[in-house]
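A structural walkthrough
Single-letter residue listing:
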Amino acid sequence: MPFLDFSKISIWLNELAASHDRVIGNLNYLFCDDEEILRVNREFLNHDYYTDIITFDYSGKKRIGGDIFISLDTVRSNAAEINVDYESELLRVIAHGVLHLCGINDKSPGERQIMENNENEALALYESVTNPNKNEI
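These lines cover the structure that appears in this document, whether it is placed above or below. (Residues numbered from 1 in each chain as written. Predicted model: local features only at pLDDT ≥ 70, side-chain atom pairs only at ≥ 80, totals over all residues. Heavy atoms only, no water.)

**Focus on unusual backbone geometry**
For the record, the criterion: Secondary structure counts use DSSP, requiring at least four H or I residues in a row for a helix and at least two E residues in a row for a strand, with both numbered from the N terminus. Partly exposed residues are those whose accessible area sits between 20% and 50% of the maximum for their type, while under 20% is buried and over 50% is exposed, using a 1.4 Å probe and protein chains only.
A positive phi angle, close to 60°, is found at aspartate 21, a residue other than glycine. With respect to the helices, strands and loops of the structure, aspartate 21 is situated in the loop between helix H1 (6–18) and strand E1 (23–32). You can call aspartate 21 partly exposed: its relative accessible area is 47%. Backbone geometry at asparagine 83 places phi at a positive 60°, although glycine is not the residue there. Topologically, asparagine 83 is positioned in the loop between helix H3 (72–82) and helix H4 (86–101). Residue classification places asparagine 83 among the exposed positions, given a relative accessible area of 70%.

**Some words on the packing of H1 against helix H5 (residues 109–130)**
Here is the rule we go by: Here, axes are lines fitted to C-alpha atoms. For helices the fit covers the stretch in contact, and angles between N-to-C directions go from 0 to 180 degrees. Relative orientations are named as follows: roughly parallel for angles under 35 degrees, roughly antiparallel for angles over 145 degrees, roughly perpendicular for angles from 65 to 115 degrees, and oblique for any other angle. By the definition used in this description, the sense in which the near helix is turned from the far one sets the handedness, with an anticlockwise turn below a right angle giving left-handed and a clockwise turn giving right-handed. Residue contacts follow a heavy-atom distance rule, with two residues in contact if any of their heavy atoms lie within 4.5 Å. Under this grouping Gly is polar, as are all residues other than the nonpolar Ala, Val, Leu, Ile, Met, Phe, Trp, Tyr, Cys and Pro and the charged Asp, Glu, Lys and Arg.
At a minimum axis separation of 9 Å, H1 and H5 run at an interaxial angle of 130°. When the axis of H1 is compared with that of H5, the two are oblique. For the pair H1 and H5, the sense of crossing is right-handed. In this structure, H1 uses Lys8, Ile9, Ile11, Trp12, Glu15 and Leu16 to contact H5, whose residues at the interface are Ala122, Leu125, Tyr126, Val129 and Thr130. For the contact of H1 with H5, a count of residues per class yields eight nonpolar, one polar and two charged.

**Let's talk about the nonpolar core**
Selection criterion: Think of a nonpolar core as a cluster: buried Ala, Val, Leu, Ile, Met, Phe, Trp, Tyr and Cys residues, connected wherever their side-chain atoms sit within 4.5 Å.
If you look at the biggest cluster of nonpolar residues, it comprises 28 residues, and the most contacted ones within it are Ile9, Trp12, Leu13, Ile70 and Ile94. If you list the elements that add at least two residues to this core, you get H1, E1, strand E3 (63–71), H3, H4 and H5. With nine residues, H4 is the largest single contributor of residues to this core. Dropping the residues within four chain positions of it, isoleucine 94 is found in contact with Leu4, Ile9, Trp12, Leu13, Tyr29, Phe31 and Ile70. Judged by nonpolar contacts, the second largest core, of six residues, contains Cys32, Ile54, Phe56 and Phe69.

**Looking at the sheet that holds strand E2 (residues 53–57)**
Counted only if it meets this: Strand pairing is defined by DSSP finding a minimum of two bridges between the two strands.
Across the sheet, which stays open at both edges, the three strands sit in the order E1-E3-E2 with mixed pairing between neighbours. A single partner strand is all that each edge strand has here, and the edge strands are E1 and E2. In this sheet, adjacent strand axes meet at a mean angle of 15° when their direction is disregarded. Summarising the sheet, E1 and E3 pair through eight bridges and their orientation is parallel.

**Brief notes about the pairing of E2**
Bridge count for E2 against E3 is five bridges, and the pairing is antiparallel. By the bridge assignment, aspartate 57 is partnered in E3 with glycine 66. Linkage of E2 to E3, two consecutive antiparallel strands, is achieved through a turn of five residues.

**Description of the pattern of salt bridges**
Note the following rule: Each reported salt bridge corresponds to a side-chain nitrogen of Lys or Arg within 4 Å of a carboxyl oxygen of Asp or Glu.
Throughout the structure, instances matching the rule amount to seven salt bridges. Its salt-bridge partner being glutamate 36, residue arginine 39 comes within 2.7 Å of it at the nearest N-O pair. Here arginine 39 pairs with glutamate 36, and both are found in helix H2 (residues 34–45), just three residues apart, close to one helical turn. One salt bridge in this structure joins arginine 39 and glutamate 43, with 2.4 Å as the shortest N-O distance. Of this pair, arginine 39 and glutamate 43 are both found in helix H2, four residues apart, which corresponds to roughly one turn of the helix.

Set out below in structure tokens:
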């Protein structure tokens, strides 16, 4: 796993949730390998395939929370496949979990486009939160 500044990520995720009129409650990220995410997928969802993320939603009305499993193996292979750096893909997947908890789905083609647009906005928000003076001279 690459170095991530979890204090910055926390600020970013709180801003992301707020942009969807939500606040973060108890949110747990569980980083694992492909075999562990396959086990979780089989045991809890009856799915027999690898995935980059599984989100268990324990949210209330406006307060989001949950357990988010992320397979670092799949994130790494997806990053290579779409030719982006690993950290950027990991940040996208981290945001993806919060977006699910905010009520954004990605099962149908139309929903996938909406999710992708929200992921792109989340990554732009990450840049503005973590590099607020980037565009200043």
